[in-house]
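A closer look at the structure
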Amino acid sequence: MPRSARPDLTGQVVIVTGANAGIGLETAVGLAAKGATVVMTARTRAKGEAALAEVQRRTGSRAVVLGDLDLSAFASIRAFAAWFLERFDRLDVLVANAGLVLDTRRETAEGFEEMFGVNHLGHFLLTSLLQERLVASAPSRVAVLTSVAHRFAVGGLSRADLQSTRAFNGIAAYAQSKLANALFAAELARRLAGTGVTVNAVHPGAIRSRFGRDGDLGVNAWFLTVFGPIVMRSPKAGARTPLKLASSTATSVAGSTGGYWSHGRRWPASRRARDPEEARWLWAESERLVAAASAAPGPEERR
Ligand SMILES: NC(=O)c1ccc[n+]([C@@H]2O[C@H](COP(=O)([O-])OP(=O)(O)OC[C@H]3O[C@@H](n4cnc5c(N)ncnc54)[C@H](OP(=O)(O)O)[C@@H]3O)[C@@H](O)[C@H]2O)c1
């Protein structure tokens, strides 16, 4: 598309979580190229600074800002939200992109299984802290990165063992966290209906990023190394649908909410991901978990 025909996002403020690598980095590049003010978040400042410089170099934009955000710690999420709300008076787009897959059970600062805690609960808390600003900036958009892997959670959420304390399987816990992403997007869309805020879940495709390759998947990463270069697409290709959801002015996109998107179009999500009772349960449980963890003594006080 010639540059002049691209939607102009000048004046819009967008947040991309996990923007220092992979799909998030390419999403930040795409949004900065369209003129948006892009708040790139990273959990490691040095990685974030390198990514910020790359976005500036590739787009020529100076409207790119780095925010520190570790989704595995509520204190970091609250500090980032406070920093953002103090600094920016609008929020047009939130791309909830950051995520990880692990083959061993680890816990967040608040003691949640890390994939559930980062991929879902961290973004749940972040969105709730930013929701008022999103509504005040309407029409505005939220895009939540899920995965086709949400379909592997065939039995739905493991309500009796959401934190995988009794039995842990990395792929199953990842699938559950991605089902949670899809359910969260659907429920948030229902709750924000009529406010002018649209919410969609997006599967980016099978993408050759660093995902699962920094030792997180252990020996299970072999198939990514062997088949990745053959069957997987580039991070830039992975950013196409998130970018479309974040910026397209076509009615089919700008008017879409509560959808599951992949390869540039809307598809049916799994039966579980479309179950409104499951989504309502997850919402109530997430609120309960956030409230309980927020009331509990922090790591310092526990000592
Ligand atoms: N790649 C695929 O084939 C694929 C397929 C379906 C869905 N997805 C989804 O797409 C999203 C992006 O994945 P990707 O392929 O771009 O992976 P990636 O290259 O590994 O990037 C993931 C990003 O998330 C960040 N992150 C991880 N843990 C975090 C935490 N505790 N707090 C804040 N940020 C954190 C990472 O930061 P660090 O660099 O510091 O680790 C990185 O910036 C994920 O939600 C993933 O589930 C990917």
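In case you missed it, the structure is sitting above this.
Analysis parameters
- Residues numbered from 1 in each chain as written.
- Predicted model: local features only at pLDDT ≥ 70, side-chain atom pairs only at ≥ 80, totals over all residues.
- Near = placed C-beta within 6 Å.
- Helix = DSSP H or I, 4+ residues; strand = E, 2+ residues; numbered from the N terminus.
- Nonpolar A, V, L, I, M, F, W, Y, C, P; charged D, E, K, R; others polar.
- Pairing = 2+ DSSP bridges.
- Axes fitted to C-alpha atoms, helices over the stretch in contact; angles between N-to-C directions.
- Buried ≥ 20, exposed ≤ 12 C-beta atoms within 10 Å, placed from the backbone.
- Parallel < 35°, antiparallel > 145°, perpendicular 65-115°, else oblique.
- Left-handed = near helix turned anticlockwise from the far one by under 90°.
- Contact = placed C-beta atoms within 7 Å.
- Core = buried A, V, L, I, M, F, W, Y, C linked by C-beta atoms within 7 Å.
- Right-handed = clockwise from strand over helix to strand, strands pointing away.

1. With respect to the site of the ligand
The environment of the ligand is formed by 27 residues, the closest being Gly18, Gly22, Gly99, Ser209 and Phe211. The leading source of residues in the shell around the ligand is helix α1 (residues 22–33), at 3 residues. A class-by-class count of the residues in the shell around the ligand yields 12 nonpolar, 11 polar and 4 charged.

2. Focus on the sheet that holds strand β3 (residues 64–68)
With mixed pairing, 8 strands are arranged side by side in an open sheet as β3-β2-β1-β4-β5-β6-β7-β8. Pairing within the sheet leaves two strands with one partner each, and these edge strands are β3 and β8 (265–267). Between one strand axis and the next, the sheet turns by 25° as a mean value, whatever way the strands run. When strand β6 (residues 197–203) meets strand β7 (residues 259–262), the two strands line up parallel, connected through 4 bridges. Paired with valine 202 across the strands is tryptophan 261, a residue of β7.

3. Observations concerning helix α8 (residues 240–247)
Of all 8 residues in α8, 7 are buried, a share of seventy percent or more. The complete set of buried residues in α8 reads Arg240, Thr241, Pro242, Leu243, Leu245, Ala246 and Ser247.

4. Regarding the packing of α1 against helix α2 (residues 45–59)
It is the contact of α1 with α2, at a shortest axis distance of 9 Å, that shows an interaxial angle of 40°. It follows that α1 is oblique to α2 by the angle criterion. Viewed along their axes, α1 and α2 form a crossing whose handedness is right-handed. Along the contact surface, α1 presents Leu25, Ala28, Val29, Ala32 and Ala33, while α2 presents Ala51, Val55, Arg58 and Thr59.

5. Some thoughts on the nonpolar core
Judged by nonpolar contacts, the single largest core of 84 residues is most densely connected at Val14, Ala28, Val38 and Met40. Considering every element that reaches this core, the biggest residue donor is helix α5 (residues 170–191), with 12 residues.

6. A look at the pairing of strand β4 (residues 93–96)
Neither face of β4 is exposed, since Val93 and Val95 on one face and Leu94 and Ala96 on the opposite face are all buried. Here strand β1 (residues 13–16) runs beside β4; their pairing, made up of 3 bridges, is parallel. When the sheet's bridge partners are listed, valine 14 is paired in β4 with valine 93. Both β4 and strand β5 (residues 140–145) contribute to a ladder of 4 bridges, which runs parallel. Considered in β5, the bridge of alanine 96 is made with valine 144. Once the chain exits β4 it traverses helix α4 (residues 114–136) before rejoining the sheet at β5, and the crossover so formed is right-handed.

7. Observations concerning the environment of threonine 10
Mapped onto the secondary structure, threonine 10 falls in the segment before β1. Threonine 10 sits in the exposed class, given 9 other C-beta atoms within 10 Å. Put simply, threonine 10 and alanine 33 are 23 residues apart on the chain and 9.8 Å apart in space, counted from C-alpha to C-alpha.

8. Remarks on the packing of α4 against helix α10 (residues 276–295)
Contact pair α4 / α10: the axes reach a minimum separation of 11 Å and the direction vectors enclose 80°. The orientation of α4 with respect to α10, classified from their angle, is roughly perpendicular. Contacts between α4 and α10 involve Leu121, Phe124 and Leu125 on the former and, on the latter, Ser286, Leu289 and Val290. Its residues assigned to classes, the contact of α4 with α10 comprises 5 nonpolar, 1 polar and no charged.

9. Focus on the pairing of strand β2 (residues 37–42)
Put simply, side chains in a regular strand alternate between the two faces of the sheet. Within β2, 6 of the 6 residues are buried, which leaves the element mostly enclosed by the surrounding structure. In β2, alternate side chains face the same way, and those of Thr37, Val39 and Thr41 on one face and Val38, Met40 and Ala42 on the other are all buried. This β-α-β element, β1 to α1 to β2, shows right-handed connectivity. With 5 bridges joining them, β2 and β3 adopt parallel strand pairing. The residue bridging valine 38 from the neighbouring strand is valine 64, located in β3. With α2 bridging β2 and the parallel β3, this β-α-β connection has right-handed handedness.

10. A short note on unusual backbone geometry
With an omega of 5°, the peptide bond running from alanine 138 to proline 139 counts as cis. On the secondary structure map, proline 139 appears in the loop between α4 and β5. Phi at serine 164 is positive, roughly 50°, even though this residue is not glycine. Relative to the assigned elements, serine 164 resides in the loop between β5 and α5. The backbone phi angle of histidine 263 is positive, close to 50°, even though this residue is not glycine.

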